[in-house]
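Spelled out, the chains give:
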Amino acid sequence: MLIFNFVILIHLSVLIGCGCSRSASDANGVPSTQSSSVHEVLNYGYEIVKKYDHDPDAFTQGLVYFDGYLYEGTGLYGYSSLRKVDLATGKVVKQHDLPTRYFGEGITVFNNRLLQLTWQKGLMFAYEIDSFESLGQYSYDTEGWGFTNDGTNLIVSDGTEILYFRDPYSFEEIRRLRVVDGYRVIKNLNELEFIEGEIWANVWQTDRIARINPNNGNVKGWINLAGLLSDDDRKGRRVDVLNGIAFDQSSQRIFVTGKCWPVLYEIKIIEQ
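## Points about the layout of surface pockets
Unoccupied space between atoms shows up once a probe the size of one water molecule is rolled over them. The volume enclosed by the second largest pocket comes to roughly 350 Å³. Around the second largest pocket sit 16 residues that line it, and Tyr65, Glu193, Phe194, Phe247 and Gln249 are the ones nearest its centre. Mapped onto the lining of the second largest pocket, the elements with two or more residues apiece are strand 2 (60-66), strand 6 (104-110), strand 10 (147-149), strand 16 (189-195) and strand 20 (242-248). Per-class residue counts for the lining of the second largest pocket are seven nonpolar, five polar and four charged.

## Thoughts on empty space enclosed by the protein
One pass over the structure, following the stated rule, counts one cavity of 30 Å³ or more. For the largest cavity, the calculated volume is near 80 Å³. For the largest cavity, the lining is made up of 13 residues, of which Asp53, His54, Glu72, Val85 and Gly90 are closest to its centre. Those elements giving two or more residues to the lining of the largest cavity turn out to be strand 3 (69-74) and strand 4 (81-85). Its residues assigned to classes, the lining of the largest cavity comprises six nonpolar, two polar and five charged.

## Here's the deal with the environment of Phe66
Summarising the element assignment, Phe66 is placed in strand 2. Setting aside residues up to four positions removed in sequence, Phe66 forms contacts with Tyr71, Val109, Asn112 and Ile129.

## Considerations on the pattern of salt bridges
According to the stated counting rule, one finds nine salt bridges in the structure shown. A salt bridge links Glu173 to Arg176, with the shortest nitrogen-to-oxygen separation between them at 2.7 Å. Classification of Glu173 by relative accessible area gives partly exposed; the value is 33%. On the accessibility criterion, Arg176 (27% relative accessible area) is partly exposed. Across the salt bridge formed by Asp232 and Lys235, the nearest N and O atoms sit 3.6 Å from each other. Residue Asp232 is classed as exposed on the basis of its relative accessible area, which comes to 57%. Lys235 gets classed as exposed once you look at its relative accessible area, which sits at 60%. Because the salt bridges share partners, they merge into one network encompassing Glu198, Arg211 and Lys220.

## Topic: the pairing of strand 21 (residues 253-258)
Most of strand 21 is tucked away, with six of its six residues classed as buried. Residues Arg253, Phe255 and Thr257 line one face of strand 21 and the alternating positions Ile254, Val256 and Gly258 line the opposite face, and both faces are buried. With five bridges connecting them, strand 20 and strand 21 associate as antiparallel partners. Within strand 21, the position partnered with Ile245 by the bridge is Val256.

About the criteria used
Residues numbered from 1 in each chain as written. Predicted model: local features only at pLDDT ≥ 70, side-chain atom pairs only at ≥ 80, totals over all residues. Heavy atoms only, no water. 1 Å grid on protein atoms, 1.4 Å probe; cavity = no way out; pocket = protein on both sides within 12 Å on 5 of 7 lines; lining within 4 Å. Points joined across faces, edges and corners; volume = space filled by probe spheres on them. Helix = DSSP H or I, 4+ residues; strand = E, 2+ residues; numbered from the N terminus. Nonpolar A, V, L, I, M, F, W, Y, C, P; charged D, E, K, R; others polar. Contact = heavy atoms within 4.5 Å. Salt bridge = Lys/Arg side-chain N within 4 Å of Asp/Glu carboxyl O. Buried < 20%, exposed > 50% of the residue type's maximum accessible area, 1.4 Å probe, protein only. Pairing = 2+ DSSP bridges.

Here it is as structure tokens:
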């Protein structure tokens, strides 16, 4: 009996020792930027402040508010574009069509440069914001989905749970961030917006937006936009999923829309 108990103690010591020496990287080789833990996650609803016309043929992949205008990146092969849109009327005042071999994705504005991702071609295009004149292109080795910046670095999603922080001029990767809600990994991160120190991310094929801490990847809150697009606005139309977040920092306005939605909404976030 004494020998048996001694063996059990040795076995337990080995297990405890293994649990205390976890690698700094996960099984996929992604550096750990946070330790998973249960924390308070807030839930939010919304109020509609105002509705604006939106081109129902725009397969929205990226949305930015800048200097009084909306800038929108659209997708689909043969239909991808970069647009400058008058918010009040929904009219496109300037448009650049991508070559048919490119599927346009997220966009962001950094230092008067309008930047646009592509889905599977591994190319990011840079434009002068007023003229849409090409300023070059940059390569990357993931898919391109959502795009934003924190004023220092560009932030890119690729449809997984990982956000990539990149240099705004070389587009070189600086760091990666895994997004989690407690112990649950949050995948399908899509269109992004940086709002008041948080990364907001549409979760593809859902009506939810995750509010993410950019320092550790923890989801701080969930915004549920279920029911935003009315049944009347869906009738007789080919509408797709919620996708598109823009923030007017000067007036603290939040705009959201979806792929092929006929409406763009200004909303107010309500804590539940």
